[in-house]
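Fold and geometry: a report
Here is how the chains run, residue by residue.
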Amino acid sequence: MTENFAGKVALVTGAASGLGLATAKAFAEAGAAVAMLDLDEESIARAASVAQSSGPRCLPIACDVSDESAVRDAIARTVHELGRLDMAFNNAGIMVDRADTAEASGEDFDRVVAVNLRGVWSCMKYELQQMVRQGSGAIVNCSSIGGVAGGPGLGAYHAAKHGVMGLTKTAGLEYAAKGIRVNAVLPGVFDTSMNDSLEEEQPEMLEKIKAEVPIGRLGKPEEVAAAVLFLCGPGASMIIGHGLAVDGGFLAR
Ligand SMILES: NC(=O)c1ccc[n+]([C@@H]2O[C@H](COP(=O)([O-])OP(=O)(O)OC[C@H]3O[C@@H](n4cnc5c(N)ncnc54)[C@H](O)[C@@H]3O)[C@@H](O)[C@H]2O)c1
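For the structure given in this document, a descriptive report is provided here.

Cut-offs and rules
- Residues numbered from 1 in each chain as written.
- Predicted model: local features only at pLDDT ≥ 70, side-chain atom pairs only at ≥ 80, totals over all residues.
- Helix = DSSP H or I, 4+ residues; strand = E, 2+ residues; numbered from the N terminus.
- Rg over C-alpha atoms; globule rule 2.2 N^0.38 Å.
- Contact = placed C-beta atoms within 7 Å.
- Near = placed C-beta within 6 Å.
- Nonpolar A, V, L, I, M, F, W, Y, C, P; charged D, E, K, R; others polar.
- Pairing = 2+ DSSP bridges.
- Axes fitted to C-alpha atoms, helices over the stretch in contact; angles between N-to-C directions.
- Expected span 1.5 Å × (residues − 1).
- Buried ≥ 20, exposed ≤ 12 C-beta atoms within 10 Å, placed from the backbone.
- Arc of directions from axis to C-beta.

Okay, the overall build of the chain next. Scanning the chain from N- to C-terminus turns up 8 helices and 7 strands. Taken over C-alpha atoms, the radius of gyration comes to 17 Å for the chain, in line with the 18 Å a tight globule of 253 residues would show. With the C-alpha coordinates of the chain rotated into their principal frame, the extents come out at 45 × 35 × 35 Å. Residue pairs at least 24 apart in sequence account for 72% of intrachain contacts in the chain once pairs closer than 6 positions are excluded.

Near the ligand there are 28 residues, and of these Gly14, Gly18, Ala92, Gly93 and Thr192 occur at the shortest range. For the shell around the ligand, the secondary-structure elements that each account for two or more residues are α1 (18-29) and α4 (106-134). Its residues assigned to classes, the shell around the ligand shows 12 nonpolar, 14 polar and 2 charged.

A sheet is described by the order of its strands in space; here 7 strands give the open sequence β3-β2-β1-β4-β5-β6-β7, paired in parallel fashion. A single partner strand is all that each edge strand has here, and the edge strands are β3 (58-62) and β7 (243-246). Across the sheet, the mean angle from the axis of one strand to that of its neighbour is 20 degrees, orientation sign disregarded. Both strand β1 (residues 9-13) and strand β2 (residues 33-38) contribute to a ladder of 5 bridges, which runs parallel. When the sheet's bridge partners are listed, Ala10 is paired in β2 with Val34. Packed on one face of the sheet, helix α2 (residues 41-52) meets β2 and β3 and runs near 170 degrees to β3. Relative to strand β6 (residues 180-187), helix α5 (residues 155-175) is tilted by about 160 degrees, and along the sheet it contacts β5 (137-142), β6 and β7.

For α2, built from 12 residues, the straight-helix expectation of 16 Å at 1.5 Å per residue is met to within 8% by its first-to-last C-alpha distance of 16 Å. Where α2 is concerned, the buried positions are Ile44, Ala47, Ala48 and Ala51. Angularly, the buried residues of α2 cover 105 degrees about the axis, an arc narrow enough to put them on a single face. Turned more than 90 degrees away from the buried face of α2, the exposed residues are Glu42, Arg46 and Ser49. Lining the buried residues of α2 we find α1, β2 and β3.

Structure follows, in C-alpha cells:
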C-alpha cells in the first residue's frame, strides 16, 4: 500500500467483515485512525482489535446504518474521539433471497433499500456536514456491478446500487468546489460472507458466475480496499462522481 494517511481519520461502515474489514485494516496500515461501524457490538470490537494491531487507534462503534439518528451519533462520536473526519467508505450492505420481480417480497425490497441506499445517504449527510466544516474530505460509496447493470432475481439490490450511483454523482457535483470528493467502487463478485449462502446452497450458480468473470476468479477483499484507498488519496485529486469498477473485467464484456 503506497498511500500515507498518517494523522488522518477514516470511517468505514460494515467494517466487521468482508470488504469493510479489509478496507479498515488497509486504512490503519496506511497510518489513519479508523472508526469502524457495524451492527453488533461484540463483532465490531473483535474486528477493531484485528485491524488495530498494526496501526493507530481503531474505534469500534455499534451502529445500524438504516437508523439515521444512530448514524448521526456515530459520526459525532468519531469526531469527538478521533478529532476529525477525512475519509469515509460507506460500505455496509445486505443481500436478499433471489426472486424475479413478479414474485419478489415488498418487505425484502424495503429492507435492502433501507440499508443499501438510505444507509449510504444518511452516512454521507453527516460525513459531509463535518467535511464541509473542515473544508476537505473524500467519500467512497460501495455500489456494485449491479449499480450499472441489471441482474435477474436481484431487482431491489440492483435498484439500490443504481441509487448509490445517483447519490454519488449528485454529491460529487454539490461538493466538488468545497474540497470534498465523492466517488464509488463497483465490486464484481468477491469472496466474502455475502456469497456464503450461494456457495452452500447453489454452488453451480457460483461456478457459473465465476466462469463469467474474465479474470476467471473471485475478487479478494484487499483488492477493493486498494481501490478505496486510491480514491481517497492524493493520486485521485481530479476524480469526482466516478464509479470505479473493481470487477476482474466483468463490465468490459
Ligand atoms: N461480496 C460481493 O461479491 C460484493 C459485490 C458487489 C458489491 N458488494 C457490496 O460490498 C459491501 C460489503 O459486502 P461484503 O461482501 O463485504 O459482505 P459482508 O456480509 O461480508 O459484510 C457486510 C457487513 O455489513 C454489515 N451490515 C449489514 N447491515 C448493516 C447495517 N444495517 N448497519 C451496519 N452494518 C451492517 C454486516 O454486519 C457485515 O459485517 C456491500 O454493500 C455489498 O453490497 C459485495
